[in-house]
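# Understanding the architecture of this molecule
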Amino acid sequence: MLRVPKTQWVASLANATRNQSTSARPTTGDEYQYLQRSKIPMLHFQPSLPRLPIPELEKTCARYLAAQQPLLAPDAFERTKEAVQQFSQGDGPKLQALLKEFDAKNKHTSYISEPWFDMYLRDRLPLPLNYNPLLMMNPDPRPQYNEPVLRTTNLVISSLRFMKSLRAKTLEPEVFHMNPAKSDTQTFRTVTSLMPSIISTYVAYTFKAFPLDMSQYQGLFGGTRIPEIGKDRIYRNESSRHLLVLRKGNMYAVDVLDAEGNIEQPATLFARFDRLFNDTKTPAADPLGLLTTENRDTWATARTHLTQLGSNAKSLELVDSALFCLCLDESTINPDNPIPAIREFLFGDGTNRWFDKSFSLIVAKDGTAGINFEHSWGDGVAVLRYFQEIFKETTTAPFAQVGLQGADNQSRNAIVPIDFTLDDRVRGAIRTAENNHNAIIDSLDMNYMKYEGINKNVCKKQRISPDSVMQLGFQLAYYKQHGKFVATYESCSTAAFRHGRTETMRPCTVATKAFCEEIERRDGVKKSAAELREMMNQCSAVHGQLTKEAAMGQGFDRHLFGLKHTAQKHGLPLPAIYQDPAYAALNYNILSTSTLSSPALLAGGFGPVVKDGYGIGYNIQDGYLGSVVTSYKPHRNGGEFVDCLRAAYEDIGKVLAATAPAPKDK
């Protein structure tokens, strides 16, 4: 299961809270309607993006064995080597030829895109915890702007400005700048905008700037995953003018664009959200959103029945076509213990959510905000870009100011309750969904670790990769807890390629295994701090190489997946490599990890991908390492793992401290 990809691809928002504006901004013309009017057309680089490469079969086999070696006993590893050799000399070349043939006929896309979309839409597991991740936003640094109605108004305005720029194709193209000081410049924009699209990407490379695929951005707004038996479908509508707003489980269609498609005035939107925040309507007796927490076939069956009652088909159309979902919550956050708020935003009790929407913007009654998004339409690069853009604008130059008075002459017509006709069968389905969801969330344990002994600056001074240090901590923690090593997943974006998706990076390596065993060794002559540091350097070097390979489309997981899909598509026997228990074990990710690094982000989280696994959303900041760890009781002890994780970073920190380079003489 995929989570939000690594964000080396996303430009930093280091200046996000600089130059804060408190003066009113114009709310007329294009300056209000559009977030960006890019000098470079949004899709300028798209035609010249390189295609996702199909790795050489021999290299994929070697990389696969390297990932298996630290996980397998010697005799099991020999059996896996035999299966791989048989594959590389037998079925593999034939499947490779068929995959290349398919790829050559579909040059508009990547070899992984279609089967990857298909995999998501065919999975029948419930969306919350299994798929939908959470990005929780930092508060506005100016406390008065966190007033919930004001923050909601500003977040919605910035969201609509982003959407209108996206649809007008005037958003800045997504570009990863190796050295922003030299490439994130007007010169770069002028030169590349003058180049023909067919070569523009290669011109960008000369600036050490890497344009990224933007094909998934269309899925952000007006989209919903519709449950159907066997395989869901994605529905999109580009003509709607309303949001789906949920408040205490009650559902509303709220107009946010006028008849001409222009964003309504701040005072108008403020009045509408103020009315809903202060609505005295009681909580919904039968909150329909609970059905979106169900098994997808179960929900598909219930939805089919639901559409046959009264005017429910029209009500569902209002839900499905909404630009996005806005959830106005009752919760608050305690900065000293963010776990309850993270739980609420990640899954909650299901009554005030519609998990099928492309994304939900959640705003709590203290102004805490976050994004919960459905994963089948995209991998998170588009969501993170949107998330960062709206945070930056709302915290530096918001349109709705403190003291704004609401004014709305169309309030009655602009806020329409979405009502449904329910019968006993639907009510029974809602109760069942509620019981199922509660059983799952009651078994979910969530723990938070904040370790201040190591941080981004420490790693920089030590000339070691921060990500490799964090991943080494996960390996050491699990080894401390269980005395063994398991399949570990780290997501890496391949958005540098046309219709790239993600690749799996495998952080459990021969190098990390050797380091962990040495740290925990209790007998014999132990290695010195200098020797341990050299082992850490080797871990970092291997980690860096694997990350580079994954980002360049040279990992092995997607390639093997593509070859397996090719065999199934052509009705060919499944090769022995896929029937080897080691293949299933490697894809049973006990440790599923994903990192985010952004000034906009307070925390990120997701559920474990297997019942006896850990879901680890982590980030490394200037002052600390942070991890949100999820697990299911009684299958794993998340609190104990976090204790081991803290001990692991203490061990790593001791090695770093003992081998720190001497300060330079001034």
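Since we're looking at a predicted model, the values are computed, not measured.

Analysis parameters
Residues numbered from 1 in each chain as written. Predicted model: local features only at pLDDT ≥ 70, side-chain atom pairs only at ≥ 80, totals over all residues. Heavy atoms only, no water. Helix = DSSP H or I, 4+ residues; strand = E, 2+ residues; numbered from the N terminus. Rg over C-alpha atoms; globule rule 2.2 N^0.38 Å. Contact = heavy atoms within 4.5 Å. Areas by Shrake-Rupley, 256 points an atom, 1.4 Å probe, with all protein chains shown as cover. Buried < 20%, exposed > 50% of the residue type's maximum accessible area, 1.4 Å probe, protein only. Pairing = 2+ DSSP bridges. Right-handed = clockwise from strand over helix to strand, strands pointing away. Axes fitted to C-alpha atoms, helices over the stretch in contact; angles between N-to-C directions. Domains from an automatic or database assignment. Buried area = accessible area lost by both parts, 1.4 Å probe. Expected span 1.5 Å × (residues − 1). Polar contact = N/O pair within 3.5 Å; in protein donor to acceptor, adjacent residues only side chain to side chain. 1 Å grid on protein atoms, 1.4 Å probe; cavity = no way out; pocket = protein on both sides within 12 Å on 5 of 7 lines; lining within 4 Å. Points joined across faces, edges and corners; volume = space filled by probe spheres on them. Nonpolar A, V, L, I, M, F, W, Y, C, P; charged D, E, K, R; others polar. Phe/Tyr/Trp six-rings, centres within 6.5 Å; stacked < 30°, edge-to-face > 60°. Lys NZ or Arg CZ within 6 Å of the ring centre and 35° of its normal. Parallel < 35°, antiparallel > 145°, perpendicular 65-115°, else oblique.

Another aspect to go through is the overall build of the protein chain. Helices and strands together make up the secondary structure of the protein chain, namely 24 helices and 18 strands. For 666 residues, the compact-globule estimate of 2.2 N^0.38 gives 26 Å, and the protein chain sits close to it at 25 Å. If one aligns the C-alpha atoms of the protein chain with their principal axes, the spans along those axes are about 80 × 70 × 55 Å. A separation threshold of at least 6 residues defines the contact pool for the protein chain, and within that pool the share at least 24 residues apart is 80%. As displayed, the protein chain has an accessible area near 26,400 Å², and 52% of this comes from carbon and sulfur atoms.

On to the pairing of strand β9 (residues 359-363). In terms of burial, β9 is largely enclosed, as five of its five residues are buried. Of the two faces of β9, the one holding Phe-359, Leu-361 and Val-363 and the one holding Ser-360 and Ile-362 are both buried throughout. Two strands pair when backbone bridges link them, and strand β8 (residues 325-328) and β9 are joined in this way by four bridges, in the parallel orientation. Considered in β9, the bridge of Cys-325 is made with Ser-360. As for the winding sense of the linkage, the β-α-β connection from β8 through helix α13 (residues 339-346) to β9 is right-handed. Where β9 meets strand β10 (residues 369-373), five bridges bridge the pair, whose relative direction is antiparallel. Across the sheet, the residue bridging to Leu-361 is Ile-371, located in β10. Taking the residues that link successive antiparallel strands as the turn, the β9-β10 hairpin has five residues, and the phi of Gly-367 there is positive, at about 90 degrees.

Reading across from one edge, β12-β18-β17-β15-β13-β14 is the order of the six strands in this open sheet, with mixed pairing throughout. Whereas interior strands pair on both sides, the edge strands pair on one side only; in this sheet they are β12 (444-451) and β14 (502-505). Neighbour-to-neighbour, the strand axes of the sheet open up by a mean angle of 25 degrees, direction not taken into account. Bridge count for strand β15 (residues 591-595) against strand β17 (residues 614-620) is five bridges, and the pairing is parallel. Bridge pairing in β17 places Leu-591 opposite Tyr-614. Against the sheet, helix α20 (residues 529-551) touches β13 (488-493) and β14, its axis set at about 160 degrees to β14. Contacts between helix α21 (residues 557-569) and the sheet are confined to β13 and β14, with β14 contributing the most and set at about 115 degrees to the helix.

The next thing to look at is the domain arrangement of the protein chain. We note that the domain assignment places domain 1 (57-108 + 452-659), domain 2 (125-171 + 223-443) and domain 3 (175-211) within the protein chain. One C-alpha centre belongs to domain 1, the other to domain 2; they are set 34 Å apart. Opposite the 20 residues of domain 1 that make contact, domain 2 presents 21 residues. When the two sides are added together, the surface that domain 1 and domain 2 hide from each other amounts to roughly 1,700 Å², 57% of it contributed by carbon and sulfur.

The next thing to look at is helix α6 (residues 148-167). Over its 20 residues, α6 extends 28 Å from the first C-alpha to the last, a length consistent with the 28 Å expected when each residue adds 1.5 Å. Counting buried residues in α6 gives 19 out of 20 residues, a clear majority hidden from the surface. Of the residues flanking the start of α6, the one acting as N-cap is Glu-147, its side-chain oxygen 3.2 Å from the backbone nitrogen of Val-149. After α6 finishes, the residue Lys-169 shows a positive phi value of roughly 60 degrees.

Below, the discussion takes up empty space enclosed by the protein. On inspection of all chains with the given rule, the structure shows six cavities of 30 Å³ or more. Here the largest cavity defines a volume of roughly 130 Å³. Ala-603, Gly-604, Gly-605, Gly-617 and Tyr-618 are the residues nearest the centre of the largest cavity, which is lined by 19 residues in total. At five residues, the largest contribution of residues to the lining of the largest cavity is made by strand β16 (residues 601-605). Broken down by class, the residue content of the lining of the largest cavity amounts to 12 nonpolar, seven polar and no charged. Size it by volume and the second largest cavity reaches roughly 80 Å³. In terms of residue class, the lining of the second largest cavity is made up of four nonpolar, three polar and three charged.

Turning our attention to the packing of aromatic side chains. Taken as a whole and assessed by the stated rule, the structure comprises 23 aromatic pairs. Sitting over the ring of Tyr-34, Arg-37 keeps its end group 4.3 Å from the ring centre. A cation over an aromatic ring shows up here: Lys-569 above the ring of Phe-102, its NZ or CZ 3.9 Å from the ring centre.

Packing of helix α11 (residues 296-307) against helix α12 (residues 312-321) leaves a shortest axis separation of 8 Å and a crossing angle of 125 degrees. It follows that α11 is oblique to α12 by the angle criterion. Facing α11, whose interface residues are Arg-303, Leu-306 and Thr-307, α12 presents Asn-312, Ala-313, Leu-316 and Asp-320.

Here Gln-33 is to be found in helix α1 (residues 30-33). Under the relative-accessibility criterion, Gln-33 is labelled buried at 8%. Separated by 3.0 Å, the side chains of Gln-33 and Lys-164 make a polar contact. Of note is the side chain of Gln-33, whose polar atom sits 2.8 Å from the backbone nitrogen of Ile-263. Once you skip the residues sitting within four places of it in the chain, Gln-33 turns out to touch Arg-161, Lys-164, Gly-261, Asn-262 and Ile-263.

Moving on to α11. For α11, which comprises 12 residues, the first-to-last C-alpha distance of 16 Å matches the rise-based estimate of 16 Å (1.5 Å per residue) to within 8%. Buried within α11 are the following residues: Arg-296, Trp-299, Ala-300, Ala-302, Arg-303, His-305 and Leu-306. In this fold, the buried residues of α11 make contact with β4 (223-226), α12 and α16 (424-443). Its side-chain oxygen 2.9 Å from the backbone nitrogen of Asp-297, Asn-295 forms the N-cap of α11.

For the rest of this paragraph, the subject is the pairing of β13. Extensive coverage of β13 is indicated by the burial of six of its six residues. Side chains Thr-488, Glu-490 and Cys-492 project from β13 onto one buried face, and the interleaved Tyr-489, Ser-491 and Ser-493 project onto a second face that is buried too. Pairing between β13 and β15: three bridges, direction parallel. Looking at the pairing, Tyr-489 lines up with Ser-592 of β15.

Moving on to the environment of Pro-573. Within the secondary structure, Pro-573 sits in the loop between α21 and α22 (576-579). Remark: the alpha-carbon pair of Pro-573 and Leu-591, spanning 18 residues in sequence, is separated by 31 Å.

Pairing within the open sheet is mixed, and its eight strands lie in the order β11-β7-β6-β8-β9-β10-β1-β16. Sheet topology places β11 (415-417) and β16 at the edges, where each strand pairs with a single neighbour. Here the strands of the sheet are splayed against their neighbours by 25 degrees on average, with no regard to which way each runs. Here three bridges tie strand β1 (residues 134-137) to β10, and the two strands are oriented antiparallel to one another. Across the sheet, the residue bridging to Leu-134 is Asn-372, located in β10.

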